[in-house]
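Breakdown of the fold
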Amino acid sequence: MFVFKAAVVGAGTMGGEIAQAIASSDIPVVLKDIDQKFVDHGLEKAREVTKGQLDRLVQKERLTEEQASARLEEVIGLIEGATTYDSFGDVDFVVEAAPEKMEIKRAVFAELDAVTPGHAILASNTSSLSITEMGGATLRPEKVVGFHFFYPASVMPLVEIVEGDDTDPETVQAAHNFAQAIRKQPITCGEVPGFVVNRILNSAVGEIWRAQEDQGLSIKKIDEAVGAANVAPMGPFFLVDLLGLDTVLNVAEHLNESYGDSFYVHEGMRKLVADGKLGAKSGGSGFYDNGEPQIEGDADPDGEALAELMKLKAVVESCLVLEERVCTVRDIDLGMMAGAGMDPRRGILPPFMGADMTGLDTLLEKLEAARAEHGERFAPPTVLRRLVAQGRLGQKSGQGFYAYPQADDGEQTETVKLETRGKVAIAWLANPPMNAISPQVIKDLGTVWEQVKASGEIGALVIASSIPVVFSAGADIKAFTQMDEGSGEELIHSGHTLLREMSQNRVSTIAAVNALAFGGGCELAMACDFRIAAQSAVFGQPEIKLGIIPGFGGTQRLQRLVGPPKALEMNLVGDAILSDEAEAFGLANRVVPDHELLDTALAWARKLAGQAPLAVEHVKRASDDPDLDQGIDNEKARFAAAFQTEDATEGIAAFLGKRSAKWVGR
């Protein structure tokens, strides 16, 4: 399903910013509300946000004033304000952003069902309400999905894609690709109260709220102490003032009703909301008024103890979300990074990364102590106990919720680290931040491959990522554009030679695909004999969007794995496919839970390494398609031709400049 035109229902601050995010990605969008004054407010918000973004580009000298002014009018010109559904007859994707009341949501969805084409996806920006219940108000519940932005939508990159009981997988995948098209970071999750980020964040912050009221603590000193402890980007009470006390209270009460006393509701916040003191949205009066607290309490907090409680509770709730199969390890952490500001670059680690760094055995001890002091809400989750029992203790043991390289002693290449475990080896891709397939990566992977072959003992090689959130996001386009014709041709030739040899050698190869495998990353995985994918894995061949074609076998190996029709679709459309579809079409041999990926890949490697080496080689060569060499030669020639076109120059420039390409057909 493709989105050529979108709509947003509800033109409040959030609706205006959502419409702006869509329009700034060059997609026409209708912004609808019941009254023209609300529509005008939403349009003004979109203009304000766009101007702010463009002004920053002018300050960085990436745009001139004239270019910024023209772009502002171009973006706003893509937003149509409306008080009726007259323009909804050809929309492909609708985001409902009405008030958080189920009766209002259901009424809007019933109206949308009647005025939009049958193929249109109807999405809700709800932060906690039931997608299934909203879908029940339509004749197309399979096309109803959650599409939850975080405030402010113009800044926060996260979108939670929420799957209701009736939501079709194709709808989820289309929503995932639409989120990427508007330059947002999607995570997918099941339908539970609070979904992922709000559930985990409220569970953790609730411990701060509880301690503040129980101990009469100063909220100002709490905010200072928690900020200093570097467990969150800002203090919890200051954050609520920014988000709106009424919005936060609504979610907190819903979670308390759903999950019980493990989720604390701050009574002082209830009173402030009753008095109309909502934070920034009510003129700035909320937990603070002109910087002064409006909540009783002046005792000094133990900042380290509060920060520790917050971290422990976040891990507990994250594990429960995982155990309930609501979301995956990688998407939970990614959600907390993109939706709650837990940025590892600033030393603020999301729950599972933080747990692995602490050590899962140490974390288990801390939770047992917290349970003894504070009660069952700190009971260590089953998944944590299981990992500790397995000896998977986090980074120090090489595996925890994530896998970590334990590279061999001695000299290592720059971007690929070799780890040997008897007859099995692991080639760890280590080219941060996104494991781009650069010329150096190709060279280093070739060096590691030669070492594996020369050992005479290794029977299977696992190619894995040392970066938890990505396998490989694709070729290093910038590096490729800086190469001259001779070096570029040599790189393509050497890369193809390496990948071709992997498919014919007696050493079996397994790609352990943990997350994004796009472009060159997907082609590397396809060159392996087998692909074991985590549930969080996402595959794609997006080269067409840059005006080029796959250059490392993507036009050849993909069709041999998924069949010509699906391969043609992936290469010509360029959209991503999620792990379940990859398995269904044969791109992935198996899909496993994120935290079981390396174990599964190593089990396959041990099995394959135990087979007769000569027989393995004969089977691989006998199974090898004799037409592949000719096909790859054809691909190399066409890749070179495509790379030299004006469209390729424009597409690559647009990609690097984070803008839409304008094709000329030359």
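Here the structure is a predicted model, which means the values were calculated and not measured. (Residues numbered from 1 in each chain as written. Predicted model: local features only at pLDDT ≥ 70, side-chain atom pairs only at ≥ 80, totals over all residues. Heavy atoms only, no water.)

Description of the overall build of the protein
We apply this condition: Starting at the N terminus, helices and strands are each numbered in turn, a helix being any DSSP run of H or I of at least four residues and a strand any DSSP run of E of at least two. Our radius of gyration looks at C-alpha atoms and nothing else; its globule reference is 2.2 Å times the residue count to the power 0.38. Here the term buried applies to any residue with accessible area under 20% of the maximum for its type, exposed to any over 50%, and partly exposed to those in between, with areas from a 1.4 Å probe on protein chains only. For this analysis, residues touch if any pair of their heavy atoms sits within 4.5 Å. Exposure was quantified through the Shrake-Rupley algorithm and a 1.4 Å probe, taking into account, for residues, occlusion by the shown protein chains and nothing else. In this tally, Lys and Arg are treated as positive and Asp and Glu as negative; His is ignored, and so are the chain termini. Think of each charge as sitting on NZ of Lys, CZ of Arg, CG of Asp or CD of Glu.
The number of helices and strands found in the protein is 27 helices and 20 strands. Taking 666 residues into account, the globule formula puts the C-alpha radius of gyration at 26 Å, and the protein, at 26 Å, falls close to it. Projected onto its principal axes, the C-alpha positions of the protein cover 80 × 60 × 50 Å. For the protein, buried positions account for 55% of its 666 residues. The contacts in the protein between residues at least 6 apart in sequence include a share of 71% that link residues at least 24 apart. For the protein, the exposed surface amounts to about 27,700 Å²; the carbon and sulfur share of it is 52%. Charge-centre separation for the protein: the mean point of 62 positive side chains lies 3 Å from the mean point of 98 negative side chains.

What about the layout of surface pockets?
Let me state the cut-off plainly: A cavity, in this analysis, means grid points on a 1 Å lattice covering only the protein atoms where a 1.4 Å probe fits yet has no way out; a pocket is instead an open set bounded by protein on both sides within 12 Å along at least five of seven lines, and a residue lines either one if it has an atom within 4 Å of a point. Grid points are joined across faces, edges and corners, and a volume is the space filled by probe spheres set on the points.
Taken as a whole, the second largest pocket holds about 1,200 Å³ of empty space. Contributing to the lining of the second largest pocket are 45 residues, with T188, Q535, L578, S579 and D580 lying nearest its centre. The set of elements that each furnish at least two residues to the lining of the second largest pocket consists of α6 (169-181), β8 (185-190), α12 (303-323), α13 (329-340), α16 (382-389), α22 (564-573), β19 (577-578) and α23 (579-585). The element that contributes the greatest number of residues to the lining of the second largest pocket is α6, accounting for seven residues.

Regarding the packing of helix α2 (residues 36-59) against helix α3 (residues 65-77)
The cut-off we apply is this: Only the stretch in contact is used when fitting a helix axis, every axis being a line fitted to C-alpha atoms; angles between N-to-C directions are given from 0 to 180 degrees. Note on terminology: angles under 35 degrees are roughly parallel, angles over 145 are roughly antiparallel, angles of 65 to 115 are roughly perpendicular, and the others are oblique. In this scheme the handedness of a crossing depends on how the near helix is turned from the far one: anticlockwise by less than a right angle means left-handed, clockwise means right-handed. Gly falls in the polar group here, along with every residue not listed as nonpolar (Ala, Val, Leu, Ile, Met, Phe, Trp, Tyr, Cys, Pro) or charged (Asp, Glu, Lys, Arg).
Look at α2 against α3: their axes get within 10 Å of each other, and the N-to-C directions meet at 155°. Classified by the angle between their axes, α2 and α3 sit roughly antiparallel to one another. When the axes of α2 and α3 are compared, the crossing they make is right-handed. Taken together, the residues of α3 that come into contact with α2 (itself represented by A46, R47, T50, K51, L54 and V58) are E65, A68, R71, L72, E73, V75 and I76. Its residues assigned to classes, the contact of α2 with α3 comprises seven nonpolar, one polar and five charged.

Section: the sheet that holds strand β16 (residues 516-518)
Spelled out, the test is: A pair of strands is considered paired only if DSSP assigns at least 2 bridges between the two.
Taken together, the four strands give an open sheet; going across it, the order is β14-β16-β18-β19, and neighbouring strands pair in mixed fashion. Edge positions in the open sheet fall to β14 (470-472) and β19, since each of these has one partner strand only. Its contacts with the sheet place helix α20 (residues 520-527) against β14, β16 and β18 (538-540), and it is angled at close to 95° to β16.

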